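A look at the structure
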2 protein chains.
Amino acid sequence: MKARSLKSLGEFGLIDLIRKWTPKHRNVLRGIGDDAAVLRSTRGRTQLLSIDTIVEDVDFRKRDATPQQIGWKALAVNLSDIAAMGGIPTAAVVSLTMPRNTPLRFVKGFFDGIKRLSDRFGVALVGGDLSRGSKISSSVAILGEVPRNQATLRSGARVGDVICVTGRFGGSILGRHLTFAPRIAEGRFLATSGVTSMIDVSDGLMQDLGHLVSSSKLAFQMDATKIPVTSAAKRLARGNRARALEHALYDGEDFELLFTISSKRFARVEQHWKKRFQTPLTAIGRIVRRKGSPSVRSGQGYQHF
Amino acid sequence: MKARSLKSLGEFGLIDLIRKWTPKHRNVLRGIGDDAAVLRSTRGRTQLLSIDTIVEDVDFRKRDATPQQIGWKALAVNLSDIAAMGGIPTAAVVSLTMPRNTPLRFVKGFFDGIKRLSDRFGVALVGGDLSRGSKISSSVAILGEVPRNQATLRSGARVGDVICVTGRFGGSILGRHLTFAPRIAEGRFLATSGVTSMIDVSDGLMQDLGHLVSSSKLAFQMDATKIPVTSAAKRLARGNRARALEHALYDGEDFELLFTISSKRFARVEQHWKKRFQTPLTAIGRIVRRKGSPSVRSGQGYQHF
């Protein structure tokens, strides 16, 4: 094998390769390549399993984040994956790596942040691991469940489906990436409302929309004027609307839900949504047949390598 | 709270604190503080969930370990936790953190090592996460199962029980910590043979025996001449028997099983063992009532902080 670097391959090229290297298993309904794995379980239930790591100076900086926020984020990014599958999180294990001279109050704060979030969603913190390392990092693995046939995959979108998002996008670096509320209740509601595909927006709206349509081997048309933009993105753009939109499309770490649904069903969902949730719900485009490139330029979004 | 350091508290003092910070949940039969969490499941089965992290320059050095061995170890330390619970591993998720300039052949080798081991034990690799960091580290979370009431906990030892170990101890730093075979089949067999408590030896035989007896609020008597010592430990000790024994007692990373069982049952287990396994099985002591300190001095073993 040539000494190819990770950079030339990119994070998602690498994930595709890893998927090819690893065999399929019975009882695995969906393995590598979705927000969480979908495992066959008993009694009409399906289990979800996922892992996510946050690393100091990549996913947070110690000077910008409290220990509570770091713990919150370590668990929240995982809950967002379960939300994207339409699932209910049940149990989590937490691995925390940190330098030897870390003060105990950091550890206490970190677990306070985890506990505040796990209490809110009824997730049991059932175990973990402590390791030493030169920087702080934390991996959380989460177990969830979903009634059989309700797990919402990235694939499944159909031509003509409406493309929708929860919440607003862009500028999460100004703070929201440390404090966001995972869309668990919204994800459950959508999974029972007949969405055809769903993903959470972590790498950027454009990039995750790209993942979603390519899983379904389709393309999209998007109305950029419809994209809900956060006030943080507007602040970053200093009043320049085009730049604010760029933040919304490419920043990432929004941890909102992006999904597709038939237009008929969308009308019904919209009716019920406002009674249940304060989170905005917005139709931003449509799924179309794949002909060539998508009709809005596909930017880079966030890649780790 | 005083700014206590992790070092003054120690890894296990910290784990005790974290356990106090986190609430108990229904459906969690055993949470923080065993080799894996034990979760109530359906249809006479119990689920196991565990996470373990290995970090460059703490758990391996790049110049001493091949990428395959690093991948192997990342999964193997988790399989050892499932083995200690008497469980069967079913699915794993792998998080890999590495510098941006990591060559692709490292990643390929790492997943080759994981795949070789997961194939051997029928574990499905169902997902993961790639992150960027200044050093290589990997967290693996593993899901397993065990027939109801068969999970072997650290607690449960009874006065008079024989203390037994699989395999040999000491000197794993010379290579075995990267190549060991997790004792899954042995653990399953023991779980069906009436062992009263079980743990895997990762922090050192003395320290893990300490964890085991303190979980049961008991003490032990040990015959140090019975401890099976590896040739690696003897090599490190250069023929000095007392030093070789010290390596066996305190080095850690042996990933053998340590368990307790009634003497009557032990006789039966010994009979069947040799027909099934090549791994040595050795009785090294007895569980006694707690009166004060244990009868062999309790050394430090490995602690991360």
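Anyway, here's the lowdown on the structure attached to this text. The shown structure was predicted, so the numbers you read here are calculated from the model rather than taken from an experiment. Numbering of residues begins from 1 in every chain and follows the order in which that chain's sequence is written. Key to labels: chains lettered from A, ligands numbered from 1, both in the order written. Given that the model is predicted, a residue must reach a pLDDT of at least 70 before its local features are reported, and side-chain atom pairs must reach 80 or more before they are shown or counted; all residues, however, enter totals for whole chains, interfaces and linings. Neither water nor hydrogens contribute to the side-chain values; these are computed over all heavy atoms in the structure.

1. So, the packing of aromatic side chains
One pair of aromatic rings is described through two measures. These are the centre distance and the angle between the planes. Pairing of aromatic rings covers Phe, Tyr and the six-membered ring of Trp, with a centre-to-centre limit of 6.5 Å; geometry is then stacked below 30 degrees between planes, edge-to-face above 60, and tilted otherwise. Following the criterion strictly, the structure yields 12 aromatic pairs over all chains and no others. With a centroid separation of 4.2 Å and an interplanar angle of 15°, the aromatic rings of F180 of chain B and F255 of chain B are classed as stacked. Of this pair, F180 of chain B sits in the loop between helix 4 (176–179) and helix 5 (184–191) while F255 of chain B sits in the loop between helix 8 (241–250) and strand 10 (257–261); the two residues are 75 residues apart in sequence, bridging distant segments of the chain. Judged by centre distance (5.7 Å) and plane angle (65°), the rings of F189 of chain B and F277 of chain B are edge-to-face. Taken together, the positions of F189 of chain B in helix 5 and F277 of chain B in the loop between helix 9 (263–276) and strand 11 (281–288) put the pair 88 residues apart, joining distant regions of the chain. With respect to burial, F189 of chain B and F277 of chain B carry one shared label: buried. Aromatic ring contacts, followed pair by pair, group F106, F110 and F111 of chain A into a single cluster. We count a stretch as a helix when DSSP gives it H or I for four or more residues in a row; a strand needs E for two or more, and each element gets its number in order from the N terminus. Buried, partly exposed and exposed residues are distinguished by accessible area as a fraction of the type maximum, computed with a 1.4 Å probe on protein chains only: under 20%, between the cut-offs, and over 50%, respectively.

2. A few points about empty space enclosed by the protein
Rolled over the atoms, a probe with the dimensions of a water molecule shows which regions are left empty. The distinction between a cavity and a pocket rests on a 1 Å grid over the protein atoms alone: a 1.4 Å probe fits inside a cavity but cannot get out, while a pocket stays open yet meets protein on both sides within 12 Å along at least five of seven lines, and a residue with an atom within 4 Å of a point counts as lining. Grid points are joined across faces, edges and corners, and a volume is the space filled by probe spheres set on the points. Summed over the entire model, instances satisfying the criterion amount to three cavities of 30 Å³ or more. What lines the largest cavity is a set of 13 residues, and nearest its centre among them are S137 and S139 of chain A together with T53, S137 and S139 of chain B. Tallied by class, residues from the lining of the largest cavity come to one nonpolar, 12 polar and no charged. Considered as a void within the structure, the second largest cavity measures approximately 40 Å³ in volume. Considering the residues around the second largest cavity, the lining is formed by I114, K115, S118, V123, A124 and L125 of chain A together with T22, P23 and H25 of chain B. Those elements giving two or more residues to the lining of the second largest cavity turn out to be helix 3 (104–121) and strand 5 (124–132) of chain A. Counting residues per element, the lining of the second largest cavity draws most heavily on helix 3 of chain A, which supplies three residues. Under the scheme applied, nonpolar residues are Ala, Val, Leu, Ile, Met, Phe, Trp, Tyr, Cys and Pro; charged residues are Asp, Glu, Lys and Arg; polar residues are all the others, including Gly.

3. Details of the packing of helix 2 (residues 67–84) of chain A against helix 3 of chain A
Residue and element names in this part refer to chain A. At a closest axis distance of 6 Å, the pairing of helix 2 and helix 3 adopts a crossing angle of 40°. By the angle class used here, helix 2 and helix 3 are oblique. Crossing of helix 2 over helix 3 shows right-handed handedness. Counted together, P67, Q68, I70, G71, W72, A74, L75, A76 and L79 of helix 2 and F106, G109, F110, D112, G113, I114, R116, L117, S118, R120 and F121 of helix 3 form the full contact between these two elements. Tallied by class, the residues present in the contact of helix 2 with helix 3 amount to 12 nonpolar, five polar and three charged. Axis definition: a line fitted to C-alpha atoms, limited for helices to the stretch in contact. Angles are taken between N-to-C directions and run from 0 to 180 degrees. For classification purposes, angles smaller than 35 degrees are called roughly parallel, those larger than 145 roughly antiparallel, those between 65 and 115 roughly perpendicular, and all remaining angles oblique. Handedness of each helix crossing follows the sense of rotation of the near helix against the far helix: counterclockwise by less than a right angle gives left-handed, clockwise gives right-handed. Contacts: residue pairs with any heavy atoms within 4.5 Å of one another.

4. Quick look at the interface of chain A and chain B
On the chain B side, the residues contacting the 68 residues of chain A number 68 residues. Of the roughly 5900 Å² buried between chain A and chain B, counting both surfaces, carbon and sulfur atoms make up 70%. Here, a salt bridge means any Lys or Arg side-chain nitrogen found within 4 Å of an Asp or Glu carboxyl oxygen. Remark: the boundary between chain A and chain B carries zero salt bridges. Pairs of N or O atoms within 3.5 Å make up the polar contacts considered here, provided that, within protein, one atom can donate a hydrogen while the other can accept it, and that residues adjacent in sequence are counted only when both atoms are side-chain atoms. Between the two partners, chain A and chain B, sit eight residue pairs in polar contact (both at pLDDT 80 or more). Note on definitions: buried area is the accessible-area loss of two parts on being combined, 1.4 Å probe, summed for both.

5. Notes on the relation of the copies chain A and chain B
To line up the copies, we fit them by least squares on C-alpha atoms, keeping just the residues with pLDDT of at least 70 in both. Between chain A and chain B, which share one sequence, the superposing operator has a rotation angle of 180° and an axial displacement of 0.0 Å; the RMSD is 0.0 Å. Expressed as an axis order, the relation between the two copies is that of a two-fold axis. Both copies present the same face, since 100% of the interface residues in chain A are matched by interface residues at the equivalent positions in chain B.

6. Topic: the sheet that holds strand 6 (residues 137–147) of chain A
Residues and elements named next belong to chain A. For two strands to be treated as a pair, DSSP must find at least two bridges joining them. Strand order in the open sheet made by the six strands is 1-2-3-6-4-5, with mixed pairing throughout. On the outer flanks of this sheet lie strand 1 (28–30) and strand 5, each paired with one strand and no other. Shown here is a sheet whose adjacent strand axes are inclined to one another by a mean of 20°, direction ignored. Across four bridges, strand 2 (residues 37–40) lies against strand 3 (residues 45–55) in antiparallel orientation. In the sheet register, V38 faces strand 3, and the bridge partner there is L48.

7. Quick word on the pairing of strand 10 (residues 257–261) of chain A
Residue and element names in this part refer to chain A. By the criterion of burial, strand 10 is predominantly enclosed, with five of the five residues buried. Neither face of strand 10 is open: one carries L257, F259 and I261, the other L258 and T260, and all of them are buried. Where strand 8 (residues 197–200) lies against strand 10, four bridges are found, and the strand directions are antiparallel. Looking across to strand 10, one finds that D200 is bridged to L257.

Read these as spatial facts, not as claims about activity.
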